[in-house]
Every structure is written in structure tokens, then in C-alpha cells.
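# Secondary and tertiary structure notes
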Amino acid sequence: MIITNVAISNYRGITGSQLIPLNRFSSIVGKNDTGKSIILNSIATFLNPRDNPVTLTDFNNAERPIEIACRFLSEELREVLEARIKSRIKKADGLDEFLDDILIDRQLTIRKTVATPKKGFDAEQVLMVDYEEKDFQFLYGKSDEELNEILDRYQITIPVQGRGRNSKLEKIKHIKEYCKSNNIGRSARYIDDEFKICSLLPDVELFKADYGLEVDTRFKSNSVSEILEYLERESVEKNKLAVIESEISDEMQKEANSVKKYMSEYVSNLKE
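Now for a quick tour of the structure. Model, not experiment: these values are computed from the prediction.

### Looking at a nonpolar patch on the surface
On the surface, V29, Y262, M263, Y266 and V267 cluster together into a nonpolar patch covering about 440 Å² of accessible area. Checked against the element boundaries, Y262 lands in helix α7 (residues 240-264).

The structure is reproduced here in C-alpha cells:
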């Protein structure tokens, strides 16, 4: 699972809202005090607020909440979400359609909001395409009785089997057909993460490069042993480690060339 962009609002030096696109391998370049660390720290707090809590100085404006939204992409994302949600929304109740609505462009967007300093967030929400009119919002989460109320209120006709014999998915289907024929608009909006999708997000480690790893004991205890085990395993299995090493070397060279080009604009006699 990778992050394709992060949107940050009211966090440290960001007064309004800032959208930062990311890739599988991203390098953040800029002058001192231009906000490079803001991006890294906001992602660390988003994924692991317990070890990277929100402090009072993180608020650009203490009277407004901090909002951080990340968009995720993964080849197995739909399968992972289906396994998480299927206990709450059955396939017969529209699980596939609900996944279509939250996987916008095959990506999942989650927004977290916090209003006071703490090791957590006040709200965790998922972006989905949904109806703008309140009565028709989040049909998949409505009970059978609530769907029946909508059918009665808007006089939506159900086929001859009779309303009591129709499944939830069939009712939702006819309600959606009614919405389409009456031009009831749909747009992206955030819903509360009542499915605990946030628990599926990856963990994160953040350490500063300007001091030795031995200083950060938390990083050593949490990650070093796992990294060593990975390196030992991959070094003997089809020589995967050599492939990884080559890819990293190529990517680092590309980044070095990019940084050199950027710096050359300011230092004309720069040498490689």
C-alpha cells in the first residue's frame, strides 16, 4: 500500500490547505524552513499518532482543527477492504457497489481530524461518492425499515414480488434508479469510518538523519530486528536482495541528478 498524495490543513506552517502528490519513491527538496519536515511529520502522525502525537505547537491556528488526508493505492486494496467490510455489508446488500463508491479511481482516501493536542484523532473518515440529498445518503448502511420508509415517502414502486420479499440490494437498486431519473446529484463526501478501515493502514517509522540510530532506541527496538530478518531472508532467496540493491542505487542516482540540477540553478560552478 502506497500513499499517492497527502492533503494537510492548519498544521505547523500550513495556514490553509496544501496538497502534496507522492510516488513510490519520493524526494522532498527545498530551502531551510520551507516545510519539508512538515510533510514527513504529518504522515507519521497520520499513521502512528501514538508515537508521533499532535502537540500544541503543531496547530497553526489553535482555534481550528488540524486535518490530514492521505490517498492510498494497492493492488490488493479491494480484496483487503472486502474482507474487512463483509461482516457489516453482505454481498446481497450491495457490498460490491459500496466498494465501487469508496475506491475512487481505485484509490482509498482517508481523512483524520484533531482539535486538541493528543495521541490520537477526534475523527477518522473515508471519502466516498454518495448522494447529495440527505435522505439518500449511505444507502448501504441503512436498515431494511429505513429503506422501506424511503420507498413509501417517495412512492418508489417495487416489482410484483412485493416489498417484503425483496432483498436490501434490490431495494437500493430501485432507490438509485429513482435518484437517477430525478437527477439527484452525487459527489464525493466523507463518512465516518465505522468499519475501522483505518486499522488496515501501514505502520510508519520516522527518524532524523542528522544523528546516529543508537540515539533513537524506539526505532531500534521496533524496526532494526525486523529489517535484519528481512535482509537475511532475501539475501538467500533467488538473490532478491541484489535486485533491491540495484533498484535503490538507480533511484538514488536519479534523485542525485535531480538535486544537482536544482542546486545548479543557484550555484553555477557546482561539481558532481
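From this point, the narrative continues.
### Notes on the sheet that holds strand β5 (residues 123-131)
Spatially, six strands are ordered β2-β1-β3-β4-β5-β6 in an open sheet, and the strand pairing comes out antiparallel. Two strands close off the open sheet at either side, each with one partner strand: β2 (17-21) and β6 (186-192). Averaged over all pairs of adjacent strands, the angle between their axes in this sheet comes to 25 degrees, without regard to strand direction. Two strands pair when backbone bridges link them, and strand β4 (residues 108-114) and β5 are joined in this way by four bridges, in the antiparallel orientation. Paired with K112 across the two strands is E124, which belongs to β5.

### Some words on a negative patch on the surface
Judged by side-chain charge, D203, E226, E229 and E232 come together as a negatively charged surface patch. Of note, E229 is situated in helix α6 (residues 217-236).

### Here's the deal with the packing of helix α2 (residues 77-85) against helix α3 (residues 95-102)
Between α2 and α3, the least distance of the axes is 11 Å, while the angle of their chain directions is 125 degrees. Relative to α3, α2 is oriented oblique. Where α2 crosses over α3, the handedness of that crossing is right-handed. Of the residues in α3, those in contact with R78, L81, E82 and I85 of α2 are L95, D96, F98, L99, D100 and I102. The residue inventory of the contact of α2 with α3, partitioned by class, reads six nonpolar, no polar and four charged.

Rules of the game
- Residues numbered from 1 in each chain as written.
- Predicted model: local features only at pLDDT ≥ 70, side-chain atom pairs only at ≥ 80, totals over all residues.
- Heavy atoms only, no water.
- Patch = residues over 30% accessible without salt bridge, like charges linked within 9 Å, V, L, I, M, F, W, Y side chains within 5 Å.
- Areas by Shrake-Rupley, 256 points an atom, 1.4 Å probe, with all protein chains shown as cover.
- Salt bridge = Lys/Arg side-chain N within 4 Å of Asp/Glu carboxyl O.
- Helix = DSSP H or I, 4+ residues; strand = E, 2+ residues; numbered from the N terminus.
- Pairing = 2+ DSSP bridges.
- Axes fitted to C-alpha atoms, helices over the stretch in contact; angles between N-to-C directions.
- Lys, Arg positive; Asp, Glu negative; His and termini not counted.
- Charge placed at Lys NZ, Arg CZ, Asp CG, Glu CD.
- Parallel < 35°, antiparallel > 145°, perpendicular 65-115°, else oblique.
- Left-handed = near helix turned anticlockwise from the far one by under 90°.
- Contact = heavy atoms within 4.5 Å.
- Nonpolar A, V, L, I, M, F, W, Y, C, P; charged D, E, K, R; others polar.

In short, shape yes, function no, at least from these values alone.
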